[in-house]
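# Residue-level structural notes
The primary structure of each chain is shown beneath.
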Amino acid sequence: MIFPASVSRQCDDLAQLLGTACLPYLRSPGAPAREISVQSTYEAAWQSDAQFVLEAINSAAASKQAALAEATGNRSVFAIPLSSTENNKREHWFAIGRMNESPNVSGRLIHIAHEATRRQHQIDVQEIAILNAETEMERSYNERVWLRQLNAQRAIRKKTVGQQSRQSIESLRKLIDAEAIAIYLYSDTEVEGHGLESMISGKQVWTLDDARILIQRIQKPRCGESVILNGIEQQLHNGICHSCAIVPISEPEPIGYVLAINRRKHSSSVASKSEIGFVSSDAELLHEVAGYIAADGYSNASLLESEQLVLGTLRAMSNAIEARDPYTHGHSERVGSVAYQIALRLNLSEVACQEIYLAGVLHDIGKIGIPDHVLLKAGKLEPEEFDIIRKHPEIGHRILEELGKLKFALPGVLYHHERVDGTGYPHNLVGDEIPLMARILAVSDAYDAMTSSRVYRNAMGQQRAIEILSNGMRTQWDAEVVTACLQYFSELSLEAEDAYHEFARPKTTDWRQVSQALRVLQL
Ligand SMILES: [Fe+2]
């Protein structure tokens, strides 16, 4: 027979104090005294003392004190009322046992033991209350941390809605100790268009199919409401659901649900199995995820629209240059890619690296303003024609100034033809006066120009170009930037001998890479 934990504990304490076995005895609430019988478990052992047990129990129940029933000689039977259990204050439990002392001594002993156990029980109850309060505080703290992380993710927006949603439900699952948390969305092209997707996190046994079946079977919560079901037995595809919490994702009509399956333990109390289940604060946290999916999923859509606008502008400008000069196909993309790799090796942030990449794609945008007879001239340029070509950084600067979102690329576009010895153009800047972005672009631009074929000359070999870069350290180019560039090439040649051979290099702009950069830069 299994007894409530606190009943067993009190009996053990009494047995230690009295030095005799103490057995739990349940007196049914409201049962008339004559119907009380010694419980079947003890029947055989207590048969001979059954009437003394009843006498002691009745007496203890009436006085609410420890009571003794004298058997023969110095032998007596006692009954001691136990403090109520956590679960049911109407259950009246007693500890019963036998004493072989004189009734006088036995009577004193059982009263002392009763008082001591009663006090110990009060201490236990207080300790449990303190433990519960601590657990509650810990949970409340963890909830605040989780909410802060969720908000921080939303503010950064470096991840897609899908990635952010997955991260949110995984961390929430740990926080509320559920076996699984699922985002279940009605299949809808509009929903998918916003980057939203159904997903499940947690114990591998659970699948989205289980989430679907559960949602079909329950009374669905309406906008702003939640459904919590505990103590259920729902056989799903892959297991039995004992408890669940479900909230709708509304925008403004429900587009799906966030649901938690099977609470693994009741984190807020030292509780018995019957108390395992979700509570309203769990549902509140599910609402946070649902709100994030509804709001950010859709605002992400407007972000995508604006990204498409910037991307369209970039495409139009890049195509305008490359369409005029077939010999420069892919040049801007390659300058951007190599510049990105150099920036990475200079330990710049991801945002700075992506800015440098896009600045590379845009660096020669000013060539739009150079007349064809100069830009496409096959022979040697006259000095006045050079002067015209040299205007392209400033023309590019003026174009980009008008496009507010791409202003970060201005230093690269304006100064990518400066030299660290001060003999470059347009402003003859020296050394660190040249913005780092421009010093990086100068190296990747020069390298790509040297290793590409032009109408008036063939491409130079990679080794020769590397030699020229090395010789130009501290005169034409920044030494640190050249070092980072050479490091990149040596890593590349370890991977594949001719990975950067002219014919293997990109010939067009990698628009997926550009999109990725725009997303990181939140443009
Ligand atoms: Fe240029």
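A quick note: this is a predicted structure, and the numbers were derived from the prediction, not measured. (Residues numbered from 1 in each chain as written. Predicted model: local features only at pLDDT ≥ 70, side-chain atom pairs only at ≥ 80, totals over all residues.)

### Observations concerning the overall build of the protein chain
- The number of helices and strands found in the protein chain is 18 helices and 11 strands.
- Each of the 523 residues in the protein chain was classed as buried or not, and the buried ones make up 33%. (Helix = DSSP H or I, 4+ residues; strand = E, 2+ residues; numbered from the N terminus. Buried ≥ 20, exposed ≤ 12 C-beta atoms within 10 Å, placed from the backbone.)

### Quick look at the nonpolar core
- Counting 42 residues, the largest nonpolar core has Ala-339, Ile-342, Ile-356, Leu-362, Ile-440 and Val-443 as the members making the most contacts within it.
- Where this core is concerned, the elements lending two or more residues are α8 (280-324), α9 (331-345), α10 (350-362), α14 (410-415), α15 (436-450), α17 (479-495) and α18 (511-520).
- For this core, the leading source of residues is α15, giving 8 residues.
- Leave out the neighbours within four places in its chain, and Ile-342 touches Ile-440, Val-443, Ser-444, Val-481, Ala-484, Cys-485 and Tyr-488.
- In this structure, Leu-150, Ile-261, Leu-285 and Tyr-292 belong to the second largest nonpolar core, which totals 37 residues. (Core = buried A, V, L, I, M, F, W, Y, C linked by C-beta atoms within 7 Å. Contact = placed C-beta atoms within 7 Å.)

### Brief notes about the packing of α9 against α15
- It is at 8 Å that the axes of α9 and α15 come closest, and there the two elements cross at 130°. As far as their axial angle goes, α15 and α9 are oblique. You can see that α9 and α15 cross each other, and the crossing is right-handed. Across the interface between the two elements, His-331, Arg-334, Val-335, Val-338, Ala-339, Ile-342 and Ala-343 of α9 pack against Ile-440, Leu-441, Val-443, Ser-444, Asp-445, Tyr-447 and Asp-448 of α15.
- Residue classes in the contact of α9 with α15 are distributed as 9 nonpolar, 2 polar and 3 charged. (Axes fitted to C-alpha atoms, helices over the stretch in contact; angles between N-to-C directions. Parallel < 35°, antiparallel > 145°, perpendicular 65-115°, else oblique. Left-handed = near helix turned anticlockwise from the far one by under 90°. Nonpolar A, V, L, I, M, F, W, Y, C, P; charged D, E, K, R; others polar.)

### Some points on the sheet that holds strand β2 (residues 67-70)
- Here we have 4 strands laid out as an open sheet, ordered β1-β4-β3-β2, and antiparallel in their pairing. A strand with exactly one partner marks an edge of an open sheet, and here the two such strands are β1 (23-27) and β2. With direction set aside, neighbouring strand axes in the sheet form an average angle of 30°.
- Summarising the sheet, β2 and strand β3 (residues 76-81) pair through 4 bridges and their orientation is antiparallel. Within β3, the residue paired with Ala-69 across the bridge is Val-77. (Pairing = 2+ DSSP bridges.)

### Quick look at the sheet that holds strand β10 (residues 244-250)
- In space, the 5 strands of this open sheet follow the order β6-β5-β11-β10-β7, with antiparallel pairing throughout. Lying at the two open borders of the sheet, with one neighbouring strand each, are β6 (199-202) and β7 (227-229). Between one strand axis and the next, the sheet turns through 10° on average, direction left out of account.
- Here strand β5 (residues 178-185) pairs with strand β11 (residues 254-263) via 7 bridges, running antiparallel. What sits directly across from Ile-183, in β11, is Val-258.

### Comments concerning α9
- The end-to-end C-alpha separation of α9 is 21 Å, in line with the 21 Å expected for 15 residues at 1.5 Å each.
- Burial within α9 is extensive, with 13 of its 15 residues counted as buried.
- Where α9 ends, the next residue or the one after it, Asn-347, has phi of about 60°, a positive value. (Expected span 1.5 Å × (residues − 1).)

### As for α15
- Between the first and last C-alpha of α15 there are 21 Å, a value that for 15 residues agrees with the 21 Å anticipated at 1.5 Å per step.
- For α15, a buried count of 12 out of 15 residues is recorded, marking the element as mostly surrounded by other parts of the structure.
- Among all positions of α15, only Met-437, Ala-438, Arg-439, Ile-440, Leu-441, Ala-442, Val-443, Ser-444, Asp-445, Ala-446, Tyr-447 and Asp-448 are buried.

### Some words on the packing of α9 against α10
- Interaxial distance between α9 and α10 falls to 7 Å at its minimum, and their mutual angle equals 155°. One element, α9, and the other, α10, form an angle in the roughly antiparallel class. Here α9 runs over α10; the crossing is right-handed. For the pair α9 and α10, contact is made by Ser-332, Glu-333, Val-335, Gly-336, Ser-337, Ala-339, Tyr-340, Ala-343 and Leu-344 and by Ala-352, Cys-353, Ile-356, Tyr-357, Leu-358, Gly-360 and Val-361, respectively.
- Residue composition of the contact of α9 with α10, grouped by class: 11 nonpolar, 4 polar and 1 charged.

### A closer look at unusual backbone geometry
- Omega for the peptide link from Tyr-425 to Pro-426 comes to 10°, which places this bond in the cis form.
- Its location among the elements puts Pro-426 in the loop between α14 and α15.
- Residues other than glycine seldom take positive phi values, yet Asp-177 does so here, at roughly 60°.
- Of note, Asp-177 is situated in the loop between α5 (161-176) and β5.
- With 17 C-beta atoms packed within 10 Å, Asp-177 lands in the partly exposed category.
- A positive phi angle is found at Asn-347, which is not glycine, with a value near 60°.
- In this structure, Asn-347 sits in the loop between α9 and α10.
- Judged by C-beta crowding, with 9 C-beta atoms within 10 Å, Asn-347 ranks as exposed.

### Some points on the confidence of the model for the protein chain
- Counting all residues, the mean pLDDT for the protein chain is 81, and 80% of those residues have values of 70 or more.
- Note that pLDDT drops below 50 for residues 267-274; the model gives that stretch 14 contacts with residues more than four away or on any other chain. (pLDDT = per-residue confidence, 0-100.)

### Description of the pairing of β3
- Of all the 6 residues making up β3, 6 are buried; the element is thus mostly covered by neighbouring parts of the structure.
- Side chains Ser-76, Phe-78 and Ile-80 project from β3 onto one buried face, and the interleaved Val-77, Ala-79 and Pro-81 project onto a second face that is buried too.
- Two successive antiparallel strands, β2 and β3, enclose a turn made up of 5 residues, where Gly-73 displays a positive phi of approximately 60°.
- Where β3 lies against strand β4 (residues 92-99), 6 bridges are found, and the strand directions are antiparallel. Counterpart to Pro-81 in the pairing with β4 is Phe-94.

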